Structures are given as C-alpha cells and as structure tokens.
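Architecture at a glance
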Amino acid sequence: MRINEHVVRTGAAWTAVAATGPYLTLKLLWLTGHPVGSDSPGEMDRLWLVNLLTFGMDAIAVALALAFARPWGRRAPAGLVAFPMWVATGLLGTILIALPLYLLSVLVLGPERGGPDDKGIGDWVFLVVYGGFAVQGLALLTAFALYARQRWAGLLRERIGDLPDSPTLTVQRVLACVAALLAAGVAAVRSYWALGGTAGLPRDMAEARSRGVAVMDGVAAVMAVAAAAALLVLVFRIRPGRRVLGPLLVVWTAAGSLFGWGGWQLVAFGVTTTRVTELRTAVPGLTPLVQSAQVVASVLVLAVGAMALTEWGARRRAAAVESRG
C-alpha cells in the first residue's frame, strides 16, 4: 500500500509540474514582449508586473510539487511547505469549484458576448490557462493530500474533543468570532454582487459585470461562510466525537481561498490602477474594503491555527518524551 501511495503521489506531483508548462510559457512570452494570443500589445505591456507576479506564483507551485515528489520534501520545515500550499489550495481549489459552474452556465445560458476575457485575449488562451489550472489543481492537491497523510497522520486521526484545552483557547475563540463576523460581512456583500447587485462597485466594474465574475463572487461568499463555520466547530469543540479531518479540510481550503483571492485582487487592483486616466477608475468603491476584510479574516484564522497546531505539537512531543521515560 505504501508503494502504491508513493507512486500515486510522485505521479501526481510530476503531473502538476507538467501542467504549469503552458501557463509559464505564455507568461514568459508576454514578459519578453511577445503578446501571443492577444490583439492588444499595449495591454500586455501595462500588465507586465501582474504577469511577473503570476509567473512567480506558478513557479512556487512547481517547487511545492517537487517537494511532494522528492525525499527532501519531508525534511523541509513544516511552515515552509504549509503556508504556500495553504494559499495554493485556496487559489486552485476556488478555480476547481468556479470553473465547472461557469462552464455549466455557458451550456445552459449560452456564451457571453465578448468571450471570457475583456482584454483582447483569444478564447484559446482561456482554455489553455484554465485547463492547465484544473489539471494542476487536481494533481497538486492529490500529491499534497498523500504527503500530509504521511507527515501529519497523527493530527488527521485526532477527534475534535481530543484537541488541547490550553490557556490560549479563550484567545483562539475570540479571534475566531472576530473572523466569523468579518467573513459574514464578506459573504453578504459578495452574495449581493453575485446576484446582480452593483451598489458599492466602481463604475467601470459595474458596467462590465460578467457571468464569470458573478460566479467568483458567489464562490467567495460560500468560502467565507464555510471558513467561519468550520473554524467555530473546531475552537468551540462542537461534536467532540467527530474527527478533526473534515472541519480542518474545510477551513484550510476556504480560508486559503479568502486569503489567496482577496490578497491577489488587492495587489492586482493596485498595480493596474496606479495611473488614473478616467474619473470612473478613480473611485474604487467597496471592493478594496471587501478584499481587505477577506485577508484580515483569513489571517485571523491562520493565527488561530498556528496557536492550536503549536500546542498540539508540544503535547505530542511531551507525550513521546514521557513514553520513553
């Protein structure tokens, strides 16, 4: 069984590496002044920093996949693997949920006018990029699941009621409640936008609303609710006989989504609006506030998780020392 899991993990990791190839190639071409797939070279020049950042993000995904495939990956510091994988899970997991929903909307309602992109990029680029993301997401998440099962098997077998009842539990619960309030606000606003509301949006974004953006807003709203609910289950020890794995998986993915997409949208918004040429782009509306709330809520979740896992690890080490003594 171990041999089979090793083969599957290694195969999934190398599949994830291969799936990054088309995206990294496109980004490299765009960064070197070759606007392949775009009929707007000026737009590619304006987005060079965004392209550089996304190239770097996918390069990190390659490094993670290699860590899951090679023996040195198990010796890497846990935080060095867990944090970027948390963000990657959120980004790719969101795409794996949103992409089928968008494609279903196309089948039911027909394609949108102007295609999937509003920056003069060909339809084939959309298929190559998001098809690659889908394969990369499935492969990388599979490799990570098997890696985590081997490295952190003890935690994944724990029951909620067996988690440490430590002095910081009160702090964890306070932070979790604050995160839940922020997430509720994010979910309410994102749901409103997903259903077609435009209040609070910048004028240009309100005029250019697309079905794809509405789907992403809807997924973000669900992620906010899921992250808050799963975290509260863990810190308040709801259903103590239940295994930690389920709520942990939900909060890991959902909070990673809030952090990854909220942070990325903040960065992309700032990079692409540094030069204001029209009044409609000078008023950002509520979008930066909502994105910031997503990031803050997810950072609070991260803080709670760091405290809980540190205490869990300390308890495991103390138990190991005691058993040897």
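Before going into details, it helps to say that this report is about the structure given with it. Because the structure is predicted, anything quoted here is derived from the model rather than measured.

**Some words on the overall build of the chain**
- Per the secondary structure count, the chain includes 13 helices and 0 strands.
- Going from N to C terminus, the chain has its helices and strands arranged as α-α-α-α-α-α-α-α-α-α-α-α-α.
- Its C-alpha radius of gyration of 21 Å places the chain within 12% of the 20 Å reference for a compact globule of 325 residues.
- Here the chain holds 325 residues, and the buried ones make up 41% of them.
- Of the contacts made within the chain by residues no fewer than 6 positions apart, 84% connect residues no fewer than 24 positions apart.
- Total accessible area on the chain is roughly 16,900 Å²; 69% of this is exposed by carbon and sulfur atoms.
- For the chain, the distance from the average position of its 28 positive side-chain charges to the average position of its 18 negative side-chain charges is 12 Å.

**Some details on the nonpolar core**
- Judged by nonpolar contacts, the single largest core of 75 residues is most densely connected at Phe68, Met85, Leu140 and Leu231.
- Not counting chain neighbours up to four residues away, the residues in contact with leucine 231 comprise Ala176, Val251, Val301 and Val304.

**Remarks on the packing of aromatic side chains**
- Evaluated as defined, the whole model comprises 12 aromatic pairs.
- Ring centres of tyrosine 23 and phenylalanine 133 lie 4.8 Å apart, and the angle between their planes is 45°; this geometry places the pair in the tilted category. Of the two residues, tyrosine 23 is situated in helix 2 (residues 21-31) and phenylalanine 133 in helix 7 (residues 123-151); the sequence distance between them amounts to 110 residues. Across the pair, exposure class does not vary: tyrosine 23 and phenylalanine 133 are buried alike.
- Their ring planes at 80° and their centres at 5.9 Å tell us that tyrosine 147 and tryptophan 152 sit as a pair that is edge-to-face.
- By relative accessible area, tryptophan 152 is classed as partly exposed at 22%.
- Three or more aromatic residues link up through ring pairs in this structure, and these residues are Tyr23, Tyr102, Phe126, Tyr130 and Phe133.

**Thoughts on the pattern of salt bridges**
- Scanning all chains against the criterion turns up 3 salt bridges.
- One salt bridge in this structure joins arginine 149 and glutamate 5, with 3.0 Å as the shortest N-O distance. Of this pair, arginine 149 sits in helix 7 while glutamate 5 sits in helix 1 (residues 2-19), and the two are 144 residues apart along the sequence.
- A relative accessible area of 47% means that arginine 149 is categorised as partly exposed.
- Close ionic contact of arginine 209 with aspartate 217 constitutes a salt bridge, the shortest N to O distance being 2.8 Å.
- Taking the relative accessible area as the measure of exposure, aspartate 217 reaches 4% and is therefore buried.
- Where salt bridges share partners, they join Arg190, Arg209 and Asp217 into one cluster.

**Comments concerning the side chain of threonine 287**
- Looking at the element boundaries, threonine 287 is found in helix 13 (residues 287-324).
- Discounting chain neighbours no more than four positions away, the residues touching threonine 287 are Trp193, Gly200, Leu201, Pro202, Met205 and Phe269.

**Side note on the side chain of aspartate 58**
- Relative to the assigned elements, aspartate 58 resides in helix 4 (residues 48-69).
- Lacking a salt bridge, the buried aspartate 58 has lysine 27 as its closest oppositely charged neighbour, with an N-O distance of 9.3 Å.
- Every residue in contact with aspartate 58, bar those within four places of it in the chain, is listed here: Thr20, Tyr23, Leu24, Phe133 and Gln136.

**Comments concerning the environment of valine 251**
- With respect to the helices and strands, valine 251 occurs in helix 12 (residues 245-272).
- Using a relative accessible area of 8% as the deciding quantity, one classes valine 251 as buried.
- For the pair valine 251 and alanine 59, spaced 192 residues apart in the sequence, the C-alpha separation amounts to 25 Å.
- Not counting chain neighbours up to four residues away, the residues in contact with valine 251 comprise Ala227, Ala230, Leu231, Leu234, Gly256 and Val301.

**Concerning the packing of helix 2 against helix 4**
- Viewed as axis vectors pointing N to C, helix 2 and helix 4 meet at an angle of 150°, and their least axial separation amounts to 9 Å. Classified by the angle between their axes, helix 2 and helix 4 sit roughly antiparallel to one another. Note on packing geometry: the crossing formed by helix 2 with helix 4 is left-handed. Mapping the contact onto sequence places Tyr23, Leu24, Lys27, Leu28, Trp30 and Leu31 in helix 2 and Trp48, Asn51, Leu52, Thr54, Phe55, Asp58, Ala59 and Val62 in helix 4.
- When grouped by side-chain class, the residues that make up the contact of helix 2 with helix 4 number 10 nonpolar, 2 polar and 2 charged.

**Notes on the environment of methionine 307**
- Note on placement: methionine 307 falls in helix 13.
- Given a relative accessible area of 23%, methionine 307 falls into the partly exposed group.
- Once the C-alpha coordinates of methionine 307 and serine 166 are considered, the two residues, 141 residues apart in sequence, prove to be 9.8 Å apart.
- Excluding anything up to four places from it in sequence, methionine 307 contacts Thr168, Val171, Gln172 and Leu175.

Each value, and the rule that gives it
Residues numbered from 1 in each chain as written. Predicted model: local features only at pLDDT ≥ 70, side-chain atom pairs only at ≥ 80, totals over all residues. Heavy atoms only, no water. Helix = DSSP H or I, 4+ residues; strand = E, 2+ residues; numbered from the N terminus. Rg over C-alpha atoms; globule rule 2.2 N^0.38 Å. Buried < 20%, exposed > 50% of the residue type's maximum accessible area, 1.4 Å probe, protein only. Contact = heavy atoms within 4.5 Å. Areas by Shrake-Rupley, 256 points an atom, 1.4 Å probe, with all protein chains shown as cover. Lys, Arg positive; Asp, Glu negative; His and termini not counted. Charge placed at Lys NZ, Arg CZ, Asp CG, Glu CD. Core = buried A, V, L, I, M, F, W, Y, C linked by side-chain atoms within 4.5 Å. Phe/Tyr/Trp six-rings, centres within 6.5 Å; stacked < 30°, edge-to-face > 60°. Salt bridge = Lys/Arg side-chain N within 4 Å of Asp/Glu carboxyl O. Axes fitted to C-alpha atoms, helices over the stretch in contact; angles between N-to-C directions. Parallel < 35°, antiparallel > 145°, perpendicular 65-115°, else oblique. Left-handed = near helix turned anticlockwise from the far one by under 90°. Nonpolar A, V, L, I, M, F, W, Y, C, P; charged D, E, K, R; others polar.

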